[in-house]
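# Working through the structure, step by step
The lines below spell out each chain.
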Amino acid sequence: MKKFVGLVGTNSEQSTNRMLLQYMKHHFSGEEDIEVVEIKDIPVFNKPEDKQIPEEVQVIADKIEAADGVIISTPEYDHAVPAALINALNWLSYGIYPFVDKPVMITGASYGTLGSSRAQAHLRQILDAPELKARIMPSSEFLLSHSLQAFDEDVNLKDQEQVDKLDGLFKDFLTFVAITNQMNHNHEQNKKDAANFSWEAN
């Protein structure tokens, strides 16, 4: 059984993206282990000169390092990911590099019709940054639209077509994780490159 981190991409107390990850944790519990991880307690990134990482951030980084992959569910604010998620990723690429070569699946839920599609594209761009260097599953989007009506009282997805799509994408992700694990011959050098990268020198 593989271990995954399900990162809630918002600090909102009431988020259908959290519900989506909770659903995935329950729905796939017989196959894989998904731990839903919050970012809402992470302090504002302030680039400390001593590179002292807050305990809340280090705990998340350790979970990501130990995981076989990460699932990030993001809402969409003004065609972009929430500031809270950018803040978390800033910390998670400052002196620590848990995302380097880590397989990532992106999902998203929104109240409207687009299901956070533009935020997901934005997140792909961020995760491809030199300090993060995640391995993002290609050609895959799970876009849960009208998410306030998508779940029943037991936090189950009501639309069977959406369930089937998520099942297929998750199976693809498991294959992607297996393939990615065979492509880590340069992992240590990739970590060094992330640590040594400087925007000021470029």
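Predicted, not measured: the structure shown is a model, and the values here were computed from it.

Turning next to the overall build of the protein. Scanning the protein from N- to C-terminus turns up six helices and six strands. If you list the helices and strands of the protein from N to C, you get β-α-β-α-β-α-β-α-β-β-α-α. In terms of C-alpha radius of gyration, the protein reaches 16 Å, essentially the compact-globule figure of 17 Å for 202 residues. Over its C-alpha atoms, taken along the principal directions, the protein stretches across nearly 50 × 35 × 30 Å. Out of the 202 residues belonging to the protein, those deemed buried represent 49%. For the protein, long-range pairs separated by at least 24 residues make up 80% of all intrachain contacts whose partners lie at least 6 apart in sequence. Accessible surface, the protein: about 10,200 Å² in total, of which carbon and sulfur atoms supply 47%.

Turning next to the packing of aromatic side chains. Under the counting rule described, the total for this entry stands at six aromatic pairs. Taking the centre distance of 4.9 Å and the plane angle of 85° together, the rings of Phe-45 and Trp-91 count as edge-to-face. Residue Phe-45 is located in the loop between strand S2 (33–37) and helix H2 (55–66), and its partner Trp-91 is located in helix H3 (residues 83–91); the two are separated by 46 residues in the primary sequence. Among the residues examined, Trp-91 registers a relative accessible area of 2% and is labelled buried. Here the aromatic rings of Phe-45 and Tyr-94 are separated by 5.3 Å at their centres, their planes lie at 80°, and the arrangement is edge-to-face. Of this pair, Phe-45 sits in the loop between S2 and H2 while Tyr-94 sits in the loop between H3 and strand S4 (103–109), and the two are 49 residues apart along the sequence. Taken together through their ring pairs, the aromatic side chains of Phe-4, Phe-28, Phe-170, Phe-173 and Phe-176 make up a single cluster. Residue placement shows Lys-51 over the ring face of Tyr-94; its charged tip is 5.5 Å from the ring centre.

Turning to the nonpolar core, a few remarks are in order. Here is a general trend for soluble globular proteins: nonpolar side chains tend to be buried in one another's company. Judged by nonpolar contacts, the single largest core of 32 residues is most densely connected at Leu-7, Ile-72, Phe-99 and Leu-127. Of all elements in the fold, only strand S1 (3–8), H2, strand S3 (69–73), H3, S4 and helix H4 (117–127) reach the threshold of two or more residues within this core. It is H3 that contributes the most residues to this core, five residues altogether. Aside from chain neighbours lying at most four places away, what touches Ile-72 is Leu-7, Leu-85, Phe-99, Val-104, Met-105, Ile-106, Thr-107, Leu-123 and Leu-127. Membership of the second largest hydrophobic core comes to 25 residues, among which are Phe-4, Met-105, Ala-150 and Leu-166.

Looking now at the pairing of S4. Burial within S4 is extensive, with seven of its seven residues counted as buried. By the alternation rule, side chains of S4 split into Pro-103, Met-105, Thr-107 and Ala-109 and Val-104, Ile-106 and Gly-108, which are all buried. Summarising the sheet, S3 and S4 pair through four bridges and their orientation is parallel. Across the sheet, the residue bridging to Ser-73 is Thr-107, located in S4. Read as a crossover between parallel neighbours, the route from S3 over H3 to S4 is right-handed.

Turning our eyes to something else, we now look at the pairing of S3. With five of five residues buried, S3 lies mostly within the body of the structure. In S3, alternate side chains face the same way, and those of Gly-69, Ile-71 and Ser-73 on one face and Val-70 and Ile-72 on the other are all buried. When S1 meets S3, the two strands line up parallel, connected through five bridges. From the neighbouring strand, Phe-4 faces S3, where its bridge partner is Gly-69.

Rules used throughout
Residues numbered from 1 in each chain as written. Predicted model: local features only at pLDDT ≥ 70, side-chain atom pairs only at ≥ 80, totals over all residues. Heavy atoms only, no water. Helix = DSSP H or I, 4+ residues; strand = E, 2+ residues; numbered from the N terminus. Rg over C-alpha atoms; globule rule 2.2 N^0.38 Å. Buried < 20%, exposed > 50% of the residue type's maximum accessible area, 1.4 Å probe, protein only. Contact = heavy atoms within 4.5 Å. Areas by Shrake-Rupley, 256 points an atom, 1.4 Å probe, with all protein chains shown as cover. Phe/Tyr/Trp six-rings, centres within 6.5 Å; stacked < 30°, edge-to-face > 60°. Lys NZ or Arg CZ within 6 Å of the ring centre and 35° of its normal. Core = buried A, V, L, I, M, F, W, Y, C linked by side-chain atoms within 4.5 Å. Pairing = 2+ DSSP bridges. Right-handed = clockwise from strand over helix to strand, strands pointing away.

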